[in-house]
Amino acid sequence: MNPRICFYFQVHQPYRLRDLRITEVGQGKADYFDSEKNHQIFRKVAEKCYLPANALMLELVEKYPDFHICYSLSGVFMDQCKEYGPDVLESFQKLAATGKVEFLAETYYHSLASVVSLEEYCEQVTKHVRTTEELFGMTPKVFRNTELIYNNEIAQIARLMGFNGIIAEGADSHLEGRNPNDLFRPPTFRLPAEQEKIVRANRPLQKRARDIAVLLKNYKLSDDVAFRFSDKSWVGYPLDAGTFTDWLMQSGGKNANLFMDYETFGEHQWEDTGIFDFLRELPAIWQERGIQAVTPSQVIADWKKEHTHEYDVHETISWADMERDLSAWTGNHIQDAALSSIYALESQVKGTGNKGLIEAWRRLLTSDHFYYMCTKYWSDGDVHKYFSPYDSPYEAYRRYSHALADLRSRLSA
Amino acid sequence: MSMHSLMFGWEYPPLHLGGLGVACQGLVRGLLSNGVKVTLVLPHESETTDTDVRFPSDEIVQKLRVCSMLQPYNTFESFEANIRKVPKNKKDMYGNDLGEAISNYTEMSVKMTEDLNPSVVHCHDWMTYEAGRRSAEHHNVPLVAHIHATELDRTNYAPNEYIYQRELMGFEAATKIIAVSNFTKNMLTKHYGIAPEKIAIVHNGSIDRPPSPELIEHKRILKKQHPMILFLGRLVTQKGAVQFLEMASLIHKEQPEVNFVMAGDGHMFEELVDFSCRHGLQDSIIFAGKVGSMEAKQLYAQADCFVMPSISEPFGLVALEAISHGTPVILSRQSGAGEVVDDCFQVDFWDTAKMADCVMTILREEPLAHQLRSYAPRTLNKLTWQRQASHVQSVYTDLIHC
């Protein structure tokens, strides 16, 4: 039997920092973020990607009965929609209204909270679930952590939070030759009572899920589209929808999971690469060949639990960089200093009850800030550079450290 | 047959004023160690002065000395001052003005190498370009014009027309130009109208070694009451001496405990002293004058941050020297060194407020300072002269085989 396709798109924009100066620290200027630049980038990406891609997706889901898709919108993206792009928000709402589009839960601030602070993690996921319900009229049942950060604990915590599915990177080292197109489950174990208690107290969904399925990203096929599509030195270039469908079918298993940044369409791969035409052709070919594109929830609904392999991940993995671990955000001195300093303020910040202060602190938790500070200088360095709005990792840290210093001064005031 | 480069040099350690001599020496040594035969022609201040350069493969480098009064960074004015020190009867020999001296140098150096059989002629900066051009023509081999610093760099875009024309002649006569940075390449395409494909970039190498882990650790735990910020370079417009002081006065307002050292001499000295007094820096700044290499090393090692605010800096070897002493660096964006140093701050030379902010951030944030100290030296391992010389060698190979 042919595998089904599961298309999932990450949609996210961080709040980038403005060119803060040491002379402003402690002067009571609360705004750390570059609203002009954030607005400008949001509109640029909206015009190049979100609006045309959403229009195309709407057309496709309406036209092809077996074509479903899935998104996760970070909370800070949804905030920016309200600020800079009601038209973008509306186009996502139209997609939601078709009933053929699933929205996943994630951390509201696209943060690394899952590996630093369980309490903050739960609060952010809860805030994200509530906002998704409010904006799109549906309650997420499947979870994706920031940048597919994943380990056994994260999976169990997601189950305790109430999710019956979680998505993760299909890392070769953990697949051990198995096909990422199959469904997996994490090993079963009890979390320490203390942790369970925290999750119970901050559970985003009503009750814990009995079981949780893991959908793994098929990184080879996903990256063919996300990274290699316009690479003229790639043997697969130029990739057409027919060939790609052949590859999908040859990949075997039950469902081929194509997970990628939504900005792939029109922003990472520009329109003139033919990426939209490629996308437009896929469902037509799939319908012709009787291939379904389904949402994660549909995959999980058909889950034959007795035949499930275990995906056993002790160390933390992600979908970032070649290492597919946490080294895109942690590991050098400035990243570690920034990360530990910001989380060290958690209880103090929350203790103030000051909404503006808490919001500013949380926007500083967004993983992108640490990503921009990355100094790995081989080929992945280029990727970090491409995404960074600043001219160097040190500039990223300079701005961040001023924001931190100002936050501290507000706390001690 | 092994490759033979006939090289027309300008200055050479220990007789040197700027980066060119150091770069030239590094390149020659690198080429030699890669098996390229080098004949180096050097001008000397007088026939009795011996440069006394020795290195292991001395016998392979044939140094041919040419009598000349030429010194790098010569201007017509300083040349006249120089030549007046020479006994009258000798003066005729060197010619009355710089132009004539160069033509004498050119004449002699071409003549004394005309019986060689080089595979390529390689000349360094404008004073040697005419010699290079004629020699390449005589031997009928490709000409490589190396550009270490342009007249526009030195004069803040107000060039001496004669020198500018000399440079232009060299660039046009060359089969290939080697620029020490992308910054310089852009200068040549933008202000000399040279086609970009004619220019290869070979960054300077460095003989400086990374700092020891002990030094890095020592600097990490050292807590200073009075942090020190260092400038090292000639006190001239090109080096951004005024920008350094502007930055210093901004820092002084916020953090009066910070000290500044300006090492180097130059015609702006008085102006700079005056500026620092007017901005209340008199107790926070030391003008160290021209420093020898031992003093320079100590200053680099003591500094908490090294700032190179140059207005136009083709490369900037001082940046690498500072890095090799475990000192965080802030480089002007108008410099070539910034192209090879990843772990630093880069700021436009005119943005002294941002420069000040970077310094204060480094002083406040120990993890940042530590990372800059320990990561930046990775550049030194990449930029060996042996490696950079092999890039030059492949330029030669391309020229000889096409």
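From a predicted model like this one, the values you see are computed outputs, not experimental measurements. (Residues numbered from 1 in each chain as written. Chains lettered and ligands numbered in written order. Predicted model: local features only at pLDDT ≥ 70, side-chain atom pairs only at ≥ 80, totals over all residues. Heavy atoms only, no water.)

Thoughts on the packing of aromatic side chains
Residues and elements named next belong to chain A.
- Tallied over the entire structure, the rule returns 44 aromatic pairs over all chains.
- An angle of 45° between the planes, with centres 6.2 Å apart, marks the rings of Phe 67 and Trp 286 as tilted. Taken together, the positions of Phe 67 in the loop between helix H1 (35-63) and strand E2 (69-73) and Trp 286 in helix H10 (residues 275-288) put the pair 219 residues apart, joining distant regions of the chain. Like Trp 286, Phe 67 is buried.
- Judged by centre distance (4.3 Å) and plane angle (10°), the ring pair of Phe 103 and Phe 136 falls under stacked. Of this pair, Phe 103 sits in strand E3 (residues 101-103) while Phe 136 is found in helix H4 (residues 118-136), placing the two residues 33 residues apart along the sequence. (Phe/Tyr/Trp six-rings, centres within 6.5 Å; stacked < 30°, edge-to-face > 60°. Helix = DSSP H or I, 4+ residues; strand = E, 2+ residues; numbered from the N terminus. Buried < 20%, exposed > 50% of the residue type's maximum accessible area, 1.4 Å probe, protein only.)

Examining the pattern of salt bridges
- This structure, assessed with the given rule, holds 49 salt bridges over all chains.
- Asp87(A) is the salt-bridge partner of Arg43(A), the closest N and O atoms lying 2.9 Å from each other. Highlighted residues: Arg43(A) in helix H1 and Asp87(A) in helix H3 (residues 86-97), separated in sequence by 44 residues.
- For Glu107(B), the salt bridge identified is with Arg134(B), shortest N-O distance 3.4 Å. Of the two residues, Glu107(B) sits in helix H4 (residues 98-111) while Arg134(B) sits in helix H5 (residues 129-139), which places them 27 residues apart along the sequence.
- Of the residues examined, Glu107(B) reaches a relative accessible area of 44% and is grouped as partly exposed.
- Its relative accessible area of 28% is what places Arg134(B) among the partly exposed residues.
- Overlapping salt bridges, with partners in common, bring together Asp19(A), Arg21(A), Glu395(A), Arg398(A), Arg399(A), Lys354(B) and Asp357(B) in one network. (Salt bridge = Lys/Arg side-chain N within 4 Å of Asp/Glu carboxyl O.)

Some remarks on the interface of chain B and chain A
- On the side of chain A, 22 residues touch chain B, which itself brings 24 residues to the contact.
- Inspection of the region where chain B meets chain A yields four salt bridges.
- Residue Asp357(B) is joined to Arg398(A) by a salt bridge in which the shortest nitrogen-to-oxygen separation is 2.5 Å.
- On the surface where chain B and chain A come into contact, there are 14 residue pairs in polar contact (both at pLDDT 80 or more).
- Elements with a minimum of two residues in the side of chain B that touches chain A: helix H14 (352-364) and helix H15 (366-375) of chain B.
- Of the residues belonging to the side of chain B that touches chain A, the class tally is nine nonpolar, five polar and ten charged. (Contact = heavy atoms within 4.5 Å. Polar contact = N/O pair within 3.5 Å; in protein donor to acceptor, adjacent residues only side chain to side chain. Nonpolar A, V, L, I, M, F, W, Y, C, P; charged D, E, K, R; others polar.)

Brief notes about helix H14 (residues 355-363) of chain A
Residues and elements named next belong to chain A.
- By the burial criterion, the buried members of H14 are Leu 357, Ile 358, Ala 360, Trp 361, Arg 362 and Arg 363.
- Contact partners of the buried residues in H14: helix H2 (75-84), H4, helix H12 (333-344), helix H13 (346-352), helix H15 (367-371) and helix H17 (393-412).
- For H14, the N-terminal cap is Asn 354; the gap from its side-chain oxygen to the backbone nitrogen of Gly 356 is 3.0 Å.

What to know about the environment of Val120(B)
Residues and elements named next belong to chain B.
- Position of Val 120 among the secondary structure elements: in strand E4 (residues 120-124).
- For the pair Val 120 and Ala 136, spaced 16 residues apart in the sequence, the C-alpha separation amounts to 7.3 Å.
- Aside from chain neighbours lying at most four places away, what touches Val 120 is His 4, Ser 5, Leu 6, Val 141, Pro 142, Val 144 and Tyr 396.

Describing helix H11 (residues 269-278) of chain B
All names here are of chain B.
- Along H11, the residues classified as buried are Leu 272, Phe 275 and Ser 276. One side of H11 carries all its buried residues, which in axial view fall inside an arc of 95°. Structural note: H11 exposes Glu 270 and Arg 278 on the side pointing more than 90 degrees away from its buried face.
- Against helix H10 (241-254), strand E9 (259-263) and strand E10 (285-289) lie the buried residues of H11.
- Looking one or two residues past H11, Gly 280 carries a phi angle of roughly 70°, positive in sign. (Arc of directions from axis to C-beta.)

Regarding the sheet that holds strand E13 (residues 345-347) of chain B
Residues and elements named next belong to chain B.
- One open sheet accounts for six strands, arranged E10-E9-E8-E11-E12-E13; its pairing is parallel. Of all strands in the sheet, those with a lone pairing partner are E10 and E13, marking the two edges. Pairs of neighbouring strands in the sheet enclose a mean axial angle of 20°, with direction left out of account.
- Note: E9 against E10, four bridges, orientation parallel. Along E10, the bridge assignment pairs Phe 260 with Ile 285.
- Sheet contacts for H10: strand E8 (228-232), E9, E10 and strand E11 (305-308); angle to E9, the most-contacted strand, approximately 170°. (Pairing = 2+ DSSP bridges. Axes fitted to C-alpha atoms, helices over the stretch in contact; angles between N-to-C directions.)

What to know about the nonpolar core
- Tyr71(A), Phe92(A), Tyr262(A) and Tyr311(A) are the most contacted members of the largest nonpolar core, which totals 162 residues.
- Each of two domains, domain 1 (4-310) and domain 2 (327-412) of chain A, supplies a minimum of three residues to this core.
- Setting aside anything within four residues of it in sequence, one finds Phe92(A) in contact with Val11(A), Asn54(A), Tyr71(A), Leu73(A), Phe77(A), Phe103(A), Phe136(A) and Tyr262(A).
- Listed in part, the 32 residues of the second largest apolar core include Leu20(B), Ala131(B), Val141(B) and Ile194(B). (Core = buried A, V, L, I, M, F, W, Y, C linked by side-chain atoms within 4.5 Å. Domains from an automatic or database assignment.)

Notes on the domain arrangement of chain A
All names here are of chain A.
- Taken as a whole, chain A is organised into domain 1 (4-310) and domain 2 (327-412).
- Placing the centre of domain 1 and that of domain 2 at their C-alpha centroids yields a distance of 23 Å.
- Contact residues are listed per partner, giving 39 residues for domain 1 and 33 residues for domain 2.
- Our enumeration of links across domain 1 and domain 2 arrives at six salt bridges.
- Between Lys 350 and Glu 123 there is a salt bridge; the shortest N-O distance is 3.2 Å.
- The tally of links from domain 1 across to domain 2 stands at 20 residue pairs in polar contact (both at pLDDT 80 or more).
- Going through the elements one at a time, H2 and H4 are the ones with two or more residues in the side of domain 1 that touches domain 2.
- Taken together, the residues that form the side of domain 1 that touches domain 2 break down as 15 nonpolar, nine polar and 15 charged.

Focus: the packing of helix H8 (residues 219-226) of chain A against helix H9 (residues 241-250) of chain A
All names here are of chain A.
- Contact pair H8 / H9: the axes reach a minimum separation of 11 Å and the direction vectors enclose 165°. By the angle between their axes, H8 is roughly antiparallel relative to H9. Both H8 and H9 take part in a crossing whose hand is left-handed. Taking contact as the criterion, the partners of Leu 221, Asp 224 and Val 225 in H8 are, on H9, Phe 244, Trp 247 and Leu 248. (Parallel < 35°, antiparallel > 145°, perpendicular 65-115°, else oblique. Left-handed = near helix turned anticlockwise from the far one by under 90°.)

A short note on the environment of Gln27(A)
Residue and element names in this part refer to chain A.
- When you line up the elements, Gln 27 lands in the loop between strand E1 (4-11) and H1.
- Under the relative-accessibility criterion, Gln 27 is labelled exposed at 54%.
- Separated by 382 residues in sequence, Gln 27 and Ser 409 place their C-alpha atoms 9.0 Å apart.

Quick look at the pairing of strand E6 (residues 176-179) of chain B
Residue and element names in this part refer to chain B.
- Pairing analysis gives four bridges linking strand E5 (residues 143-147) to E6, with the strands arranged parallel. Looking at the pairing, His 146 lines up with Ile 178 of E6.
- Relative to strand E7 (residues 199-201), E6 runs parallel, the two sharing three bridges. Following the sheet pairing, Ile 178 is matched in E7 by Ala 200.
- In this fold, E6 hands off to helix H8 (residues 182-191), which returns the chain to E7; that crossover is right-handed. (Right-handed = clockwise from strand over helix to strand, strands pointing away.)

Focus on the packing of H17(A) against H14(B)
- In the contact formed by H17(A) and H14(B), the axes pass within 11 Å of each other and the chain directions differ by 70°. Accordingly, the angle class assigned to the pair H17(A) and H14(B) is roughly perpendicular. Taking contact as the criterion, the partners of Glu395(A), Arg398(A), Arg399(A), Ser401(A), His402(A) and Ala405(A) in H17(A) are, on H14(B), Lys354(B), Asp357(B), Cys358(B), Thr361(B) and Arg364(B).
- Residue composition of the contact of H17(A) with H14(B), grouped by class: two nonpolar, three polar and six charged.

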